[in-house]
Every structure is written in structure tokens, then in C-alpha cells.
Amino acid sequence: MRNGTVPPRGLELSHAVNVEDVRAIANRRLPAAVSDFIDGGGEGEITLHRNRHSLDAIMFRPRALSDASTRTLATTMLGTPVSAPLALAPVGLAALAHPLGERAAALAAAGAGIVSTLSSSSCWSLEEVAEATPDAPKWFQIYVWRDRGITSDVVQRARASGYKALVVTVDVPVGARRERDLHNGFTIPPRPTWRHTGDMLGHLPWVARFGWDEMFGHGLTMGNFGGKAAVTQRMAFMERVNQRFDPGMTWDDLEWLRSLWDGPMVVKGITNERDAAEAVARGIDAVWVSNHGGRQLDGLPATIDVLPAVVDAVDGKAEVYMDGGIRRGSDIAKALARGARICMIGRPYIYGLAAKGQAGVTKVIELLKEQLDNTLALLGCASVEALDQDWLRS
Ligand SMILES: Cc1cc2nc3c(=O)[nH]c(=O)nc-3n(C[C@H](O)[C@H](O)[C@H](O)COP(=O)(O)O)c2cc1C
């Protein structure tokens, strides 16, 4: 799923010109089974690839001689001013990429003036991340666990720690069959076997850093749910999800969460415009169009293709965000032109983390901002808020 020219061999982060370059650096550092866990998708990865193909297929309609000498990327998300229409999506188990994981990502987002969403499946706890970024706007993402007591406890902790919005992810009723992970025998925590020896020997700095983190740091744990003590059994990611998450979740559970949370609520994982309308009818503040980066139900449409129908269904009564395959500033411009207010990124910032921790995430955010600004100039458009369907060929 390469998106860019072939990165030169031995490329360093300071010379990276696009997300694909950062991915190449990340993949040099990570064992293949870990890269596969990050890059992989559900079943045949049709949806994963569709996200990119559909973005690539969209064509711009620029306006010549329209004075784009000054441009602005600044906008707002649920009333919070942000430096660009970009935010970090929740990515669990970020310590796989770097021991400073979610904390480093949140610090990079704070430095760049954008919102980061902490996954409830983070290795660093929500309190630790909040303490590191006290003044930054932060959102918290939750899955509904079978144990409602655990769910409500973590939601209340997020509120007490100053997270501004609650993002409820609704596209993981069960774990998906991610075939790369099944082939690799990937477990949490990872189980090194003879089969993995070559892969591990080829990535000794990662092995050393990961081993150190397992012994003395956070390790690959559920920071919000008891940390290391809670991860006593090694099991496949899918099994872990199925043991904890509730496939019986309904719209009533969303209302129950609403009763626990007095701030804005966002529903993430919507690809059906009817669900978007239902969410709005139930007072949700923002609809996040997502197919989990192609990691859950395979055979879904690309998010960029369902976005216009969702925007129509929402009819201005809530904000609409989109993620899935965003790898360039021009992708953000396309999604905004189709009606998204903000684009989220998942894998791109995890590549940054793997490449160089917080500095790597900062680099990815900077690259996307530079590319978006360049796209606006080439289009002849002065502001991200002015982007609409008219800037695209239909
Ligand atoms: C390794 C990995 C872990 C993820 N963990 C979560 C999670 O804990 N909660 C969640 O709502 N989404 C999770 N996602 C999905 C992302 O939030 C996001 O929807 C997706 O990555 C966007 O697509 P992109 O990677 O192409 O940018 C994860 C994605 C990846 C790649």
C-alpha cells in the first residue's frame, strides 16, 4: 500500500518528505510481525486498500489566478481552536512502536496545536497522559466492555482528568480476523518463538528497548485497566477483544454513556448514513466516519466514498470527521471538500513514533500540514474552511 516515490535507502527522518518515507524508516526498526500488526487489516484487506484507492481516484478542480498568497489551516473542533484540520486517532498498544507510546504522541499533538485522542487500550494510563499535557485539548476513546462497572469507572476517570470529549468506538463488537496476525501467531504480549528468531535478530535495538520496557517500564499493558498486573495471560489480540468487549452493545448503551458524561460525545466507526442520522437524533455531537482503517469488517466501502451520504444525513446538526488512508495533505483537502470538518490519522503517527518517538510524530504532523498548505496554494484556495465539493471533479 505504498503512497509515494520509493524512499532512498538509508533515509533518515530529517530527510523524510512524506508519510511513506517515515513508514520506511519505521519498518526498518520494527520486527515484521509488529509492522504487520500495525499495517494489517481485516481478512483480505480489501477495505484497507479501498480507503487509499478511492482517495487516489479523486481529482481536484483548481481555480487559476485567485490569489492564494495568504492561507490558513486553522479551524475548530467542537469549539476548540486547532492549528489544522487534523487530529490523532486513538491507537491502542502504542508501546509496540515506542516505549513512550501514547504519552509521546499526546505531547507531539499538544506541541503542534492539534487534538489527540487517547485510546482506552493505551499502555500509558489516561492520568499519566493528562498529567504530561495539562493544558492541551485531549479526547478519550472508550470501548464498551462486558463489565459495565469497568466501563463507567474509566469514563469517570477520564472526565476527572480533564479529557474534553468522549469518543465511543462502535465498530468493534468482536475482534476481526486479521490474517497477517494469524499467520504470524501474533499475541499480546508477543511470544517469541523459533519462527520469529530471524525477525528478532534482525531488529535487536527494538528487542532491547522492548525488553527493557517490559521489565522496567510500562510494557505492553492495559494502562487504564490495572497495568501489568492485569495482563497475566498471553493471547491473540482477537481473543482478548472477544473476552472483554460487549458484542451486545446497543444505542441504549450510548445513552447510558451519555448519562455518565456531561461533555461532548463523538461516535466513531460509522459508515452507514442511517446510523449517522440515529446518532444525531440521540444528541451525539460529532460523527466520526471510520472503518477502523480497514482493520475490522472487510468489504466495507472506503470512508471517503460514504462521507458525502453521512454529511447529508447529519445535515449540519453535528460535526463530521473522517479517517482511513489519510497519508498526504492533499487527502485531507479531498475529505474536507467532501464535507469532513477534520481528518484523523492512525498509522501515520505510529510510523513516526516507531521512527523517533515524539520527534517522529511531530515530523508526521508537520509534513501533513506543509503538504496541505501547498495543496491549498496550488488549488488557489485561501482557507481550509472554504473547501467544498466545487473544488473537486465529480
Ligand atoms: C495499531 C492500531 C491500533 C488501533 N487501536 C484503536 C483503538 O484502540 N481504538 C480505536 O477506536 N481505534 C483504533 N484504531 C483505529 C484508528 O483509530 C483509526 O480509525 C485508523 O487507524 C485510521 O486509519 P489509518 O491508520 O489509515 O489512518 C487502531 C488502529 C491501528 C492501526
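Described in the following lines is the structure provided in the data block.

So, how was this worked out
- Residues numbered from 1 in each chain as written.
- Predicted model: local features only at pLDDT ≥ 70, side-chain atom pairs only at ≥ 80, totals over all residues.
- Heavy atoms only, no water.
- Near = heavy atom within 4 Å.
- Polar contact = N/O pair within 3.5 Å; in protein donor to acceptor, adjacent residues only side chain to side chain.
- Areas by Shrake-Rupley, 256 points an atom, 1.4 Å probe, with all protein chains shown as cover.
- Helix = DSSP H or I, 4+ residues; strand = E, 2+ residues; numbered from the N terminus.
- Buried < 20%, exposed > 50% of the residue type's maximum accessible area, 1.4 Å probe, protein only.
- Contact = heavy atoms within 4.5 Å.
- Disulfide = S-S within 2.5 Å.
- Pairing = 2+ DSSP bridges.
- Axes fitted to C-alpha atoms, helices over the stretch in contact; angles between N-to-C directions.
- Phe/Tyr/Trp six-rings, centres within 6.5 Å; stacked < 30°, edge-to-face > 60°.
- Lys NZ or Arg CZ within 6 Å of the ring centre and 35° of its normal.
- Right-handed = clockwise from strand over helix to strand, strands pointing away.

A few points about the site of the ligand
Move 1: In the vicinity of the ligand, 23 residues are found, and the nearest of them are P90, S119, Y143, T169 and D323.
Move 2: Contacts to the ligand include K268, whose side-chain N or O atom sits 3.0 Å from a nitrogen atom.
Move 3: R347 is positioned such that a nitrogen or oxygen atom in its backbone is 2.9 Å from an oxygen atom of the ligand.
Move 4: Against a free-state accessible area of 610 Å², the protein chains account for coverage of 97% of the ligand.
Move 5: Contributing elements (two or more residues each) for the shell around the ligand: α2 (32-39) and α15 (347-379).

Thoughts on the environment of R148
Move 1: Here R148 is to be found in helix α6 (residues 148-160).
Move 2: Since its relative accessible area comes to 23%, R148 is described here as partly exposed.
Move 3: Each C-alpha atom, one on R148 and one on D253, is 9.6 Å from the other, the two residues being 105 residues apart in sequence.
Move 4: Once residues within four sequence positions are removed from consideration, R148 is found in contact with D246, D253 and W256.
Move 5: At 2.8 Å, the side chain of R148 forms a polar contact with the side chain of D246.
Move 6: A polar side-chain atom of R148 sits 2.8 Å from a polar atom in the side chain of D253.

So, the state of the cysteines
Move 1: Going through the model one piece at a time under the given rule, you end up with 0 disulfides.
Move 2: Unpaired in terms of disulfides, C343 finds its nearest cysteine sulfur in C381, a separation of 14 Å.
Move 3: Residue classification places C381 among the buried positions, given a relative accessible area of 1%.

Some remarks on the sheet that holds strand β3 (residues 86-88)
Move 1: Taken in spatial order, the 8 strands close into a barrel running β3-β4-β5-β6-β9-β10-β11-β12, and their pairing is parallel. On average, each strand axis in the sheet is tilted by 25° relative to the strand beside it, whichever way the strands run.
Move 2: The pairing of strand β9 (residues 265-270) with strand β10 (residues 286-289) spans 4 bridges and is classified as parallel. When the bridges of β10 are listed, V266 appears paired with A286.

Description of the packing of aromatic side chains
In this description, a pair of aromatic rings is defined by centroid distance and the angle of the planes.
Move 1: Scanning the entire structure with this criterion turns up 9 aromatic pairs.
Move 2: On the basis of an interplanar angle of 25° and a centroid distance of 4.3 Å, the ring pair of Y143 and F245 is categorised as stacked. With Y143 in the loop between β5 (138-142) and α6 and F245 in the loop between α10 (237-244) and α11 (251-260), this residue pair connects regions lying 102 residues apart in the sequence.
Move 3: By relative accessible area, which is 11% here, Y143 ends up buried.
Move 4: When the ring of W145 is compared with that of F245, the centres are 6.4 Å apart and the planes differ by 40°; the resulting orientation is tilted. One end of the pair, W145, is in the loop between β5 and α6; the other, F245, is in the loop between α10 and α11, and 100 residues separate them in sequence.
Move 5: On the accessibility criterion, W145 (8% relative accessible area) is buried.
Move 6: Its relative accessible area of 7% is what places F245 among the buried residues.
Move 7: For R63, the ring lying beneath its charged end belongs to W391, and the centroid distance is 3.8 Å.

Side note on the pairing of β5
Looking along a regular strand, one sees the side chains alternate between the two faces of the sheet.
Move 1: Of all 5 residues in β5, 5 are buried, a share of seventy percent or more.
Move 2: As defined by bridge partners, strand β4 (residues 115-118) adjoins β5 across 3 bridges and the pair is classed as parallel. Paired with L118 across the bridge in β5 is F140.
Move 3: Handedness of the crossover joining β4 and β5 through helix α5 (residues 126-132): right-handed.

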